[in-house]
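Inside the fold
Listed below are the residues making up each chain.
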Amino acid sequence: RASNPFVPFQSHLQSTCPHLGKTLQDLNFWHNTLATVIAIRRDETLILSPGPYVTLRENDVLYYIGNTDCVDRVALL
């Protein structure tokens, strides 16, 4: 991370995630985590800069950037 500050963190959304079917806007994702979602891997597709209206689905992988504290906030969301 020291040589490239934009290496993203990632979170895999499993079937037990309570936020499936919700949008990033529904979750106030940035306001609650201070993390910016830069991409979502969905199956074989990479959705770059997904915006607030993308609906989260099982097995999505969120790629996000922020300070190291945002990892804990995303996990608690």
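About the cut-offs
Residues numbered from 1 in each chain as written. Predicted model: local features only at pLDDT ≥ 70, side-chain atom pairs only at ≥ 80, totals over all residues. Heavy atoms only, no water. Helix = DSSP H or I, 4+ residues; strand = E, 2+ residues; numbered from the N terminus. Buried < 20%, exposed > 50% of the residue type's maximum accessible area, 1.4 Å probe, protein only. Contact = heavy atoms within 4.5 Å. Phe/Tyr/Trp six-rings, centres within 6.5 Å; stacked < 30°, edge-to-face > 60°. Core = buried A, V, L, I, M, F, W, Y, C linked by side-chain atoms within 4.5 Å. Pairing = 2+ DSSP bridges.

Looking at the element boundaries, S49 is found in the loop between β3 (45-48) and β4 (61-65). Among the residues examined, S49 registers a relative accessible area of 59% and is labelled exposed. Taking the C-alpha atoms as reference points, S49 and Y64, 15 residues apart in sequence, are found 9.9 Å from one another. With near-sequence residues (within four places) excluded, S49 lies in contact with I38 and A39.

Once that is clear, we can look at the packing of aromatic side chains. In this structure the tally under the stated criterion is one aromatic pair. Taking 5.8 Å as the distance between ring centres and 35 degrees as the angle between the ring planes, the aromatic pair formed by F9 and Y64 counts as tilted. Placement of F9 in strand β1 (residues 9-12) and of Y64 in strand β4 is noted, with a sequence separation of 55 residues between them. For F9, a relative accessible area of 14% puts it in the buried group.

F29, L56, L62 and Y64 are the most contacted members of the largest nonpolar core, which has 15 residues in total. Broken down by secondary-structure element, the contributors of at least two residues to this core are β2 (36-42), β4 and α2 (69-76).

When β2 meets β3, the two strands line up antiparallel, connected through four bridges. Paired with R42 across the strands is T45, a residue of β3. Hairpin geometry of β2 and β3 is characterised by an intervening segment of two residues between the two adjacent antiparallel strands and by a positive phi of about 55 degrees at D43.

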